[in-house]
Amino acid sequence: MDSSPDKLLVCFHSHVSNLQRLQIHQHIGATLIDKIPELNVHIVSIKPDQMEVSLDRYSAWNEVEYAEPNRIAKATINPDPNFSIDPLFPLEWGQFKIQTPQAWSEISLKVLNSNLSHNREVPSKTKSSVVIAVLDSGIDIKHPALSKKIVLNKNFSNSPTVDDLIGHGTHVAGIINAIATNGNLGAVGTFNAVELMNVKVLGDNGQGSFYDTSKGIIYATNNGAKVINMSLSTTQANETIHRAVQYASKKRVVLVASAGNYKTTRKHYPSAFREVISVAAIDQNDKRAGFSNYGKSWVDVAAPGVSIWSTLPTHTNSTRRRNYGALSGTSQASAFVSGLAGLILAITPNTKVNIRHIIESNTDPISGHGTLFRYGRINAFKAAKWVIIQQKRK
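Residues numbered from 1 in each chain as written. Predicted model: local features only at pLDDT ≥ 70, side-chain atom pairs only at ≥ 80, totals over all residues. Heavy atoms only, no water.

- Going by an unreviewed UniProt entry, the chain carries the name S8 family serine peptidase and comes from Neobacillus pocheonensis.
- Check the Sequence similarities (unreviewed entry) section of the UniProt entry for the chain; it says "Belongs to the peptidase S8 family." (UniProt positions renumbered as here; feature names shortened; annotations may be inferred.)

See the structure below:
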């Protein structure tokens, strides 16, 4: 099922009073559960067998701009065991593929390490702070490689905890920015100059509603996130989450999402929205991962997504070495792009710089460039060097 059978999202025109909105819900027989004031959207409960009737009744009111089902999105980790852990792969091949070490060599240590907060309770509002919001299944808040990087935790899912009980969000967060300390920790994050905002929008089954994701986008935007990573998808478009994406985009937040793992050209959301950087997965040989969605009309860039080594929860009965392991999916590919966006923002103090343009115009033309995805595979070294050169010219 791709939507909640007993939940509707109702958007009112801005001039409609709160009393009028409540009266309309009462007239239709719906119960108000929650609302997103920034979008004029309410989520209401209805009888499970009244979906179509209720949609029609809401649409008949002039005060209602639209009403729609509450779509369900899923974490975009690949379930195919053929693409899971492969101990023969170099542990950090993705880093070398996008030339992360070369990028680091171009950047001063002052920049790379300037934003470590040592467990601030709220994100910094200074220009130097780069906060990446991970909208996912949560992050292991006690993981030794991640705990000091998390500046804020918020739970919008149906889970009782903000912690990650399934490992998806922790793995994604580790790719974006695990702390690089020593070999005993087992993993090196994509970049060291960013912090993490843990916004849990997927439940402990790896699924979550678009309403919860929309609230997560608004929350992350209002609380200082400069990049939002969404490693989740569904085939159905949704106006509410699109408006949340537009809200963030207008505030110059960089939005990144996974293209999905269904081997299809069919559009998946939120990645197919034009405000979002849509990311496909490639393997170690620069070929499209067999599970990855594709299509130049809506997929923008490619990034490593097969057997990617990263952090896993410390509280599970995992047999993986030191709570690290390799997973595959466009979720992992999306995380690389979010990490790159964070690095670029750490380098440049110019808040008006077009991060998306920098990423897309500094890709490597690999197989599928221009057909499977609009641009090529991301290259951290090229993007970082381009920014540094532009700064020197000023």
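A look at the overall build of the chain
(1) Moving on: Secondary structure assignment for the chain yields 11 helices and 15 strands.
(2) Moving on: Within the chain, the fraction of its 394 residues that count as buried is 58%.
(3) Moving on: At a minimum sequence separation of 6, the contacts of the chain that also span at least 24 residues come to 77%.
(4) Moving on: On the chain, roughly 16,100 Å² of surface is accessible, and the fraction owed to carbon and sulfur atoms is 51%. (Helix = DSSP H or I, 4+ residues; strand = E, 2+ residues; numbered from the N terminus. Buried < 20%, exposed > 50% of the residue type's maximum accessible area, 1.4 Å probe, protein only. Contact = heavy atoms within 4.5 Å. Areas by Shrake-Rupley, 256 points an atom, 1.4 Å probe, with all protein chains shown as cover.)

Topic: the packing of aromatic side chains
What characterises a pair of aromatic rings is the spacing of the ring centres plus the angle enclosed by the ring planes.
(1) Moving on: For the structure on display, the rule yields 2 aromatic pairs.
(2) Moving on: Ring geometry for Phe156 against Tyr219: centres 5.6 Å apart, planes inclined by 70 degrees, an arrangement best described as edge-to-face. Of the two residues, Phe156 sits in the loop between strand S6 (150–155) and helix H6 (168–177) while Tyr219 sits in helix H7 (residues 210–222), which places them 63 residues apart along the sequence.
(3) Moving on: Measuring from ring centre to ring centre gives 5.0 Å for Tyr269 and Phe273, while their planes differ by 50 degrees; the resulting arrangement is tilted. Like Phe273, Tyr269 is buried. (Phe/Tyr/Trp six-rings, centres within 6.5 Å; stacked < 30°, edge-to-face > 60°.)

Section: the packing of H6 against helix H9 (residues 330–347)
(1) Moving on: Packing of H6 against H9 leaves a shortest axis separation of 8 Å and a crossing angle of 35 degrees. When you trace H6 past H9, the crossing you get is right-handed. For the pair H6 and H9, the contacting residues are His168, His171, Val172, Ile175 and Ile176 in the first and Ser331, Gln332, Ala335, Phe336, Ser338 and Gly339 in the second.
(2) Moving on: By residue class, the composition of the contact of H6 with H9 is 5 nonpolar, 6 polar and no charged. (Axes fitted to C-alpha atoms, helices over the stretch in contact; angles between N-to-C directions. Left-handed = near helix turned anticlockwise from the far one by under 90°. Nonpolar A, V, L, I, M, F, W, Y, C, P; charged D, E, K, R; others polar.)

A closer look at the pattern of salt bridges
(1) Moving on: Counted according to the given criterion, the structure contains 13 salt bridges.
(2) Moving on: For Lys382, the salt bridge goes to Asp364, with nearest N and O atoms at 2.5 Å. Residue Lys382 is found in helix H11 (residues 380–393), and its partner Asp364 is found in the loop between helix H10 (355–361) and H11; the two are separated by 18 residues along the sequence.
(3) Moving on: Of the residues examined, Lys382 reaches a relative accessible area of 34% and is grouped as partly exposed.
(4) Moving on: Several salt bridges converge on common partners, so that one network encompasses Lys97, Asp286, Asp364, Arg377 and Lys382. (Salt bridge = Lys/Arg side-chain N within 4 Å of Asp/Glu carboxyl O.)

Let's talk about the environment of Pro69
(1) Moving on: Positionally, Pro69 belongs in strand S4 (residues 64–75).
(2) Moving on: Placed 169 residues apart in sequence, Pro69 and Asn238 show a C-alpha to C-alpha distance of 8.3 Å.
(3) Moving on: Not counting chain neighbours up to four residues away, the residues in contact with Pro69 comprise Ser3, Lys7, Leu8, Leu9, Met51, Leu55 and Asn238.

What about H6?
(1) Moving on: Along H6, 10 of the 10 residues are buried, which leaves the element largely enclosed by surrounding structure.
(2) Moving on: When we look at burial in H6, the residues that qualify are His168, Gly169, Thr170, His171, Val172, Ala173, Gly174, Ile175, Ile176 and Asn177.

Section: the sheet that holds strand S12 (residues 276–282)
(1) Moving on: Read across the sheet, 7 strands follow the order S6-S7-S5-S9-S11-S12-S13 without closing on themselves; strand pairing throughout is parallel. Each edge of the open sheet is held by one strand with a lone partner, namely S6 and strand S13 (301–304). Across the sheet, the axes of successive neighbouring strands diverge by a mean angle of 25 degrees, strand direction being ignored. (Pairing = 2+ DSSP bridges.)

Points about the layout of surface pockets
(1) Moving on: Space inside the second largest pocket adds up to approximately 390 Å³.
(2) Moving on: For the second largest pocket, the lining is made up of 19 residues, of which Asn70, Ser157, Asn158, Ser209 and Asp212 are closest to its centre.
(3) Moving on: Partitioned by chemical class, the residues of the lining of the second largest pocket number 6 nonpolar, 9 polar and 4 charged. (1 Å grid on protein atoms, 1.4 Å probe; cavity = no way out; pocket = protein on both sides within 12 Å on 5 of 7 lines; lining within 4 Å. Points joined across faces, edges and corners; volume = space filled by probe spheres on them.)

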